[in-house]
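For reference, the chains in residue letters:
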Amino acid sequence: MRGVFNLQGEIVVLELEVEVKHIAEALLKKEAFVDYPMAVCAVFVMLMARKSGRVDVELRDVVRVLREGGVPEELAGEVEKILRRTSDGWRRYITAFSPEALDAFIFDPTYEGETEGRFGVPTPASVAILVRGLLDVKKDDAFEELCCGTGLFSTSVGLEVPEVKSIDAIELNQEALTIARIRAYLIDLGGKMNVRGGDVFALCEDKASYEKIFCHPPWGLRLKGNAPVESFISRLPVSLPQMKNSISSDWLFALRALYSLKDGGRAVIIMTNSAVWNQPDADVRKFLLERHFVEAVVSLPPKIYQWTAIPTTLVVLSKKDNTSVKLLDATKMCVEGRRMNELSDENIRDILMTVHDEMPVPCPAFPAEELIARESILNPLFYTGDDSTEKDMPNAVEFGTVMKSVTRGATITATELDRLESNSPTGYQYLMLSNIQNGMIDAELPYLKDIERKLLPYCIKDGDLIVSKMGRPFKVAVAKVAPGKTLLGNGSLFIIEVDKAKADPYYLQAFFESERGTALLQRFCLASVMPSISLGRLKEIKIPLPPIEEQKKIADRFRAKIDEVALYRVKLERAINSLRDVYDQSVTEG
């Protein structure tokens, strides 16, 4: 701590954390015209000036001052280039702060949010601690970070394990690269840390050089057609499935990490959830499972990132004989906040101890062959979700056993619908998910002029069970189709013809609307930005199937409740409409 004078001339003791906050407020406020990269560069220059005995430094002297402090020529030029985007105004905001506070600001991840995602999505501090625990970088390990951003993770590895053999970090964004180089320079590992600028696929040596690798790649990139990527793909084993345009970029980065990994080495990649279950990536996942490269998968809690709500997963790859894969659902292992969730020290410890089998209940592990048989899906929620929803279920059968047939909704574009839609009543109507509310289908559905022959397979019959393909929450309803009418199903829904000798459609709806049924649908859904359920998974759901007579009793009670709710909806709609007439009626009645 140090003393500073306030405006009244009184001594005020400020803790280092408070000083750092004051630096951020001074530099990042609008009057200073400084953004985060400029703020870090400005603080770095002032810090180096202080170390050489200077109180202040002008912009024209930046390179000279940095050279005198031993800063490499290339880095000094990068810093000056960034600072030339603003005037010397920043100087007056930071001349009063201590060297300790200036140094602490450069390494404080709190204010990287000021970049508003310009350097991709930064790894949350708590997730970074978890990743370091999973990697377990040892003395004499060679470590590489792909897409290192501003270098916080790599420098934290250097500070945590100063005896590390080497740290190589790669970043494409120039401003992020400069900040990473500043941090690498300040931790001073005696030349063992090297931060390179460029494409990670271009900067890829032919020999495996690293014991530990971390990659938090930018998500959703279209990398096909990119020359360095195409060159990298050509170097991969011929036995690797043909890369498709739809493959997630997450797996390309994972393959890049694996390419540089030594035998016995380990890599951790942060992926979007869809990459661990979607169909386009199934062949790549299968390839890695067959060769026993997948060691563990950990589903992270939701709302863990500042700039995105995309659910994510940690995938641990290693060049060991991983005949089984540890799958851990950590989606609830967090401290929930109003806007964001965070992993506490206790959460991190529990996750690490579970993965390392140091807890009383070991981490669920599944044979690679079993996962391959399940479409190589690596989402822990598919296998390790709470099975209490299926316990003590009487007469349990798979849902698919009571289905006579299943059709998906048609895929008709908005333009096509505009062409087919009729403004007057006809014998043709269509149903979309938006027409299902609270288990009921709207009484008034839109009309069509006609239904083309090619769309007839997507028509709904009276008594069909409708289940939405997309959640949450999932929508379930029983269709009522009057004689002489034709109803077309459109959109992301399943049209299920129920074997009525085995099951009552309304009984099935009652079950799926129940707490237990809802939990099962949620458990079996594919976790992504827009959760969905596949037909295969839907058929596998266990449902209780009592005798048909008992089903009909439950179905009758459920239908009575639906009718009751429908009546209340009509009354509510009338009451709402009557509100519009209050004024006119009052004026008329005088």
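You'll find the structure just up there.
Before going into details, it helps to say that this report is about the structure given with it. Throughout, residues of each chain are indexed from 1 in the direction in which the sequence is written. Side-chain atom pairs in this predicted model are given and counted only at pLDDT of 80 or more, local residue features only at pLDDT of at least 70, and totals for whole chains, interfaces and linings cover all residues. With hydrogens and water stripped out, all remaining heavy atoms of the structure feed into the side-chain values.

**Some words on the overall build of the chain**
Helix numbering and strand numbering both begin at the N terminus, where a helix is a DSSP run of H or I of at least 4 residues and a strand a DSSP run of E of at least 2. Looking only at helices and strands, the chain has 21 helices and 24 strands in total. Relative to its full complement of 590 residues, the chain shows a buried share of 51%. Every accessible area reported is derived by Shrake-Rupley at a probe size of 1.4 Å, with residue values counting cover from the shown protein chains alone. Of the accessible surface of the chain, which amounts to about 28600 Å², a share of 52% is contributed by carbon and sulfur atoms. Buried, partly exposed and exposed residues are distinguished by accessible area as a fraction of the type maximum, computed with a 1.4 Å probe on protein chains only: under 20%, between the cut-offs, and over 50%, respectively.

**Here's the deal with helix α20 (residues 548–579)**
Between its terminal C-alpha atoms α20 stretches 46 Å, which fits the 46 Å expected from 32 residues at 1.5 Å a residue. Buried residues of α20: Q551, A555, F558 and I562, and no others. On its buried side, α20 packs onto β17 (440–441) and α17 (505–513). Working rule for helices: expected span equals 1.5 Å times residues minus one. Contact between two residues is taken to exist if any of their heavy atoms lie within 4.5 Å; hydrogens are not considered.

**With respect to the pairing of strand β4 (residues 166–171)**
Across the 6 residues that make up β4, a large majority, 6, are buried. In β4, alternate side chains face the same way, and those of S166, D168 and I170 on one face and I167, A169 and E171 on the other are all buried. With 5 bridges joining them, strand β3 (residues 142–146) and β4 adopt parallel strand pairing. Directly across from A142, in β4, lies its bridge partner S166. Bridge analysis of β4 against strand β5 (residues 193–197) gives 5 bridges, and the strand direction is parallel. The residue bridging I167 from the neighbouring strand is M193, located in β5. The crossover handedness rule: strands pointing away from the viewer, path from first strand over the helix to second strand clockwise, crossover right-handed. Handedness of the crossover joining β4 and β5 through helix α9 (residues 174–187): right-handed. When DSSP finds at least two bridges between two strands, those strands are taken to pair.

**Structural notes on the pattern of salt bridges**
When the charged atoms of two side chains with opposite charge come close together, those side chains can pair. Counted as salt bridges are all cases of a side-chain nitrogen of Lys or Arg within 4 Å of a carboxyl oxygen of Asp or Glu. Applying the stated criterion across every chain yields a total of 27 salt bridges. In this structure, E175 and R85 form a salt bridge, with 2.6 Å as the shortest nitrogen-oxygen distance. Taken together, the positions of E175 in helix α9 and R85 in the loop between α4 (73–83) and α5 (91–94) put the pair 90 residues apart, joining distant regions of the chain. Judged by relative accessible area, which is 17%, E175 ranks as buried. Across the salt bridge formed by K561 and E564, the nearest N and O atoms sit 3.7 Å from each other. Of this pair, K561 and E564 both sit in helix α20, separated by 3 residues, roughly a single helical turn. Classification of K561 as exposed rests on a relative accessible area of 52%.

**Topic: a nonpolar patch on the surface**
Residues qualify for a patch when their relative accessible area is over 30% and they have no salt bridge, like charges being joined within 9 Å and the nonpolar side chains of Val, Leu, Ile, Met, Phe, Trp and Tyr within 5 Å. A cluster of nonpolar side chains, contributed by L572, I576, L579 and V582, occupies part of the molecular surface with about 390 Å² of accessible area. The residue V582 is located in helix α21 (residues 582–588) in this model. Its relative accessible area of 45% is what places V582 among the partly exposed residues.

**Re the sheet that holds strand β22 (residues 486–489)**
One key point about sheets: their strands pair by backbone hydrogen bonds, in either a parallel or an antiparallel sense. Taken in spatial order, the 5 strands make up an open sheet running β14-β18-β15-β22-β19, and their pairing is mixed. Each edge of the open sheet carries a strand with a single partner, namely β14 (421–422) and β19 (459–460).

**Structural notes on the environment of K469**
Assignment of secondary structure puts K469 in the loop between β20 (465–468) and β21 (476–478). For the pair K469 and S532, spaced 63 residues apart in the sequence, the C-alpha separation amounts to 5.5 Å.

**Topic: unusual backbone geometry**
With a phi close to 55 degrees, D136 is a non-glycine residue in the positive phi region. Looking at where D136 falls in the secondary structure, it is placed in the loop between α7 (125–135) and β3. Given a relative accessible area of 34%, D136 falls into the partly exposed group.

**Comments concerning the sheet that holds strand β13 (residues 403–408)**
Ordered by their spatial adjacency, 4 strands build an open sheet running β13-β23-β20-β21, and the pairing between neighbours is antiparallel. Of all the strands in the sheet, just β13 and β21 have a single pairing partner and so form its edges. Mean inter-strand twist for the sheet, computed between neighbouring axes without regard to direction, equals 20 degrees. Pairing of β20 with β21, which is carried by 3 bridges, proceeds in the antiparallel orientation. Looking across to β21, one finds that L465 is bridged to V478. Across the sheet, α17 is in contact with β20, β21 and β23 (493–498); its angle to β21 comes to roughly 165 degrees. Axis definition: a line fitted to C-alpha atoms, limited for helices to the stretch in contact. Angles are taken between N-to-C directions and run from 0 to 180 degrees.

**Here we look at the nonpolar core**
Joining through side-chain atoms within 4.5 Å is the link that ties buried Ala, Val, Leu, Ile, Met, Phe, Trp, Tyr and Cys residues into a set, and such a set is a nonpolar core. Core analysis: the biggest nonpolar cluster contains 83 residues, and V79, F105 and L314 have the highest contact counts within it. With 13 residues, the top contributor of residues to this core is helix α2 (residues 36–51). Residues contacting L314, with those up to four places away along its chain left out, are V127, L130, V131, L134, V268, I269, I270, A296, V297, V298 and L300. Counting residues in hydrophobic clusters, the runner-up holds 49 residues, among them V229, F232, V284 and F366.

**Section: the packing of helix α1 (residues 16–28) against α2**
When two helices pack together, their arrangement is given by the angle between their axes and by how far apart the axes lie. Running from N to C, α1 and α2 point in directions that differ by 120 degrees, and their axes come no closer than 10 Å. In terms of orientation, α1 and α2 fall into the oblique class. Seen along the crossing, α1 lies across α2 with a hand that is right-handed. Between α1 and α2, the residues in contact are I23, L27 and L28 and Y36, A39 and V43, respectively. Note that Gly is not counted as nonpolar here; it falls among the polar residues with everything else outside the nonpolar set of Ala, Val, Leu, Ile, Met, Phe, Trp, Tyr, Cys and Pro and the charged set of Asp, Glu, Lys and Arg. Its residues assigned to classes, the contact of α1 with α2 comprises 6 nonpolar, no polar and no charged. Small angles under 35 degrees read as roughly parallel and large ones over 145 as roughly antiparallel, with 65 to 115 read as roughly perpendicular and the rest as oblique. In a left-handed crossing the near helix is turned counterclockwise from the far helix by less than a right angle, and in a right-handed crossing that turn is clockwise.

**What about the environment of Q509?**
Inspection of the secondary structure assignment puts Q509 in helix α17. The class for Q509 is buried, based on a relative accessible area of 0%. Along the primary structure Q509 and G439 are separated by 70 residues, whereas in three dimensions their C-alpha atoms are 8.0 Å apart. Only 2.8 Å separates the side chain of Q509 from the backbone oxygen of G439, close enough to count as a polar contact. Polar contact criterion, stated in full: a pair of N or O atoms within 3.5 Å, where within protein one must be able to donate a hydrogen and the other to accept it, and residues adjacent in sequence count only if both atoms are side-chain atoms.

The quantities given are spatial measurements derived from coordinates; they are silent on function.
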